[in-house]
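# Coordinate analysis (summary)
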Amino acid sequence: MSRSTESTVGAGRVARSGSPFPRVGLLALALALPLASLLLGCERAKDPTTASRTPAAAGDSITASPAAPAGGAAPAPAPQAHAEPEPAEPEEGVSARRVRWMDVEVAPPPAPMEKLAKAGVGLYQQNCQVCHGAQGKADGPAAGVLAVPPRNFTAGQFKFKTSMPGQAPFDDDLYRTLSSGIPAAGMPSFGDLTVFERWALVAHVKNLSQAIRDDGKPFNYFQKRPATTRMKLPAPPDAAKAQHERGELLYRKVAECIQCHGEKGLGDGRSAKDLKDALKNPIKPADLTRGEVTFKTGSRPEDIFRVLTTGMAGTPMPSYEDSLEEEDRWELAFYVTSLYRPIDPGEKTYLRVGCTSCHTIGKGKLIGPDLAGVTKRRDREWLRKWLADPPSMLATDETARKLLEEFLTPMPSYGLTPREVDLLLGYLETLPPAPETAGSVSK
Ligand code: HEC
Ligand code: HEC
Ligand code: HEC
């Protein structure tokens, strides 16, 4: 079966599964402070009319999905009027939500790109450099602690886009990525920056996306392979009409997803071990059974349909746009959602809120303490108060104050609902005990 895998110059690097921060030791203060201030949203202009950043996204409503961009060389899809809000998530009471990639409202660029690019330089240093590096080479000081390395912009490949395989992303695709963030990969959302700031960053990222040709001359990927054609991303058909057996046949036999994603979708197919991305780094297929928390740009059928259509440039995940009919891509998308296994609502909350940006479980300190065994060292009432309102605990509680002395960054408040706090407490109780080397010393 023919597939169009993009494999010229790649961008993605090692995507190890499991905890997002597997290789963590003591983070140098030099790293902790800028990263933390960034995660906390210090010094950043707020635009209350737009989406919130991931960690602070409490209270966000998920906007209804605007119709997917039409096919053809369309300009940035105009923001659409919102239909009725998304039905409540399975576990109600979850306030911390983020806007999904496809649902980001794309406002038109407020100024010419050259002007925006100038403003983008400083904004990039402030918000992105810590991970993506000064020149966009994925070598910022925080790059090493992320499970999924940040994108190397100089390699010119982008996973999340609505342009044809082989083409650079549309500007609005980059704008979407910045706005929604990629929580499953540890990239925070920058949805609370103003429209101007986000477009300025898009312009600067495009400028960084350049390399040197064999003849020594520099070129820019966005000029060399411009986005000209929008993939056709229609609205989803009626889920009730999905044919499970057809989906399974496609998964196992026709499209051979099984080769990489495995019999049950666990990401353990025959070729899974040897997969490399276009930069020759090992990469793992997504665990489809945990799609609701592992998929990078959404787990609804329409999100999966988009991934199957565009592929993920620079990774072995192919585009099936020319090898599978639209209907079959829908069958597969529905089939993938049938593989989801229930995820503990506490864990879901933990991942959605973005606790992983600052905490590991059993891998050592990050911005905050290792949470392995935390329910052994703190009692439930303390933890409840802490999660509900860290700032007032920091102001009044001796243990909290000692923690702050050690970690130097105040844990922000997420405005969690009592139900979310309960869910999180339940989840923390399931965590393994602390390994001897990890965790906080202030007992
Ligand atoms: C905490 C680290 C971190 C910060 C800060 C960060 N990113 Fe990222 N970014 C990542 C990671 C990790 C990925 C790779 C995700 C993947 O490959 O799945 C990524 C990927 C991207 C991509 C590629 C998307 C694609 O389609 O492949 C873009 C564009 C991007 N980041 C832009 C930015 C910009 C602009 C900023 C600053 C406003 C920023 N990032 C800040 C970690 C970060
Ligand atoms: C050659 C190996 C390979 C094949 C074949 C393959 N995939 Fe993937 N797939 C991957 C890899 C690797 C990733 C992870 C890419 C990343 O996160 O950077 C992935 C990611 C995904 C994702 C997650 C997207 C997201 O938003 O994070 C979905 C869904 C998916 N694949 C579905 C499928 C389906 C359905 C098929 C068959 C039609 C398929 N894949 C075939 C390797 C493969
Ligand atoms: C921006 C970084 C950051 C985020 C995100 C974050 N925390 Fe924290 N957390 C900290 C820091 C730092 C501390 C140590 C106390 C301090 O300095 O405020 C801490 C302390 C804790 C403690 C006490 C640990 C101990 O050893 O007593 C728990 C429990 C905790 N956090 C849970 C969570 C949960 C659950 C989430 C997600 C809802 C979360 N944290 C999100 C930074 C963060």
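Right above here is the structure, for reference.
Since this is a predicted model, take the numbers as computed values, not measurements.

### Here's the deal with the overall build of the chain
- Across its full length, the chain holds 17 helices and two strands.
- A total of 443 residues make up the chain; the buried ones form 45% of that total.
- A separation of at least 24 residues holds for 74% of the contacts in the chain among residues at least 6 apart in sequence.

### Regarding the site of ligand 3
- In the vicinity of ligand 3, 32 residues are found, and the nearest of them are C355, C358, G368, L403 and M411.
- When contributions to the shell around ligand 3 are tallied by element, the ones reaching two or more residues are α1 (29-40), α12 (345-353), α14 (380-388), α15 (390-396) and α16 (398-407).
- Across the shell around ligand 3, the residue classes tally to 25 nonpolar, six polar and one charged.

### Quick look at the site of ligand 1
- Among the 29 residues in the neighbourhood of ligand 1, the closest are listed as C128, C131, F158, A185 and M187.
- Elements that contribute at least two residues to the shell around ligand 1 include exactly α3 (129-132), α4 (171-180) and α5 (195-208).
- Classifying every residue of the shell around ligand 1 by side-chain character gives 20 nonpolar, five polar and four charged.

### Side note on helix α2 (residues 113-127)
- Within α2, the axis deviates most sharply at G120, by approximately 35°.
- Where α2 is concerned, the buried positions are L116, A117, G120, L123, Y124 and N127.

### Considerations on the nonpolar core
- Within the largest apolar cluster, 79 residues are counted, with the highest numbers of intra-cluster contacts made by L201, V202, A255, L308, L332, A333 and L424.
- When we break this core down by domain, the ones giving at least three residues each are domain 1 (41-75 + 93-224) and domain 2 (358-429).

### Here's the deal with α12
- Residues P345, T349, Y350, R352 and V353 constitute the buried set of α12.
- Taken together, the buried residues of α12 touch α17 (418-429).
- Directly beyond the C-terminal end of α12, a positive phi value near 95° is found at G354.

### Some words on unusual backbone geometry
- Positive phi values are uncommon outside glycine, yet K280 reaches one of about 70°.
- On the basis of neighbour counts, which here come to 9 C-beta atoms within 10 Å, the residue K280 falls in the exposed class.
- Despite not being glycine, L408 has its phi angle at roughly 65°, a positive value.
- As for its placement among the helices and strands, L408 is situated in the loop between α16 and α17.
- Exposure remark for L408: the 12 C-beta atoms within 10 Å place this residue in the exposed category.

### With respect to the packing of α4 against α5
- In contact at an axis separation of 9 Å, α4 and α5 are set at 120° when each is read in the N-to-C sense. Between α4 and α5, the interaxial angle falls into the category oblique. Here the hand of the crossing between α4 and α5 comes out right-handed. Contact with α4, carried on its side by D171, L174, Y175, L178 and S179, involves R198, W199, L201, V202 and V205 of α5 and no other residues of that element.
- Partitioning the contact of α4 with α5 into residue classes produces seven nonpolar, one polar and two charged.

Parameters and conventions
Residues numbered from 1 in each chain as written. Chains lettered and ligands numbered in written order. Predicted model: local features only at pLDDT ≥ 70, side-chain atom pairs only at ≥ 80, totals over all residues. Helix = DSSP H or I, 4+ residues; strand = E, 2+ residues; numbered from the N terminus. Buried ≥ 20, exposed ≤ 12 C-beta atoms within 10 Å, placed from the backbone. Contact = placed C-beta atoms within 7 Å. Near = placed C-beta within 6 Å. Nonpolar A, V, L, I, M, F, W, Y, C, P; charged D, E, K, R; others polar. Bend = angle between axes of the 7 residues up to and from the residue. Core = buried A, V, L, I, M, F, W, Y, C linked by C-beta atoms within 7 Å. Domains from an automatic or database assignment. Axes fitted to C-alpha atoms, helices over the stretch in contact; angles between N-to-C directions. Parallel < 35°, antiparallel > 145°, perpendicular 65-115°, else oblique. Left-handed = near helix turned anticlockwise from the far one by under 90°.

Scope: geometric values only; no functional claims are made or implied.
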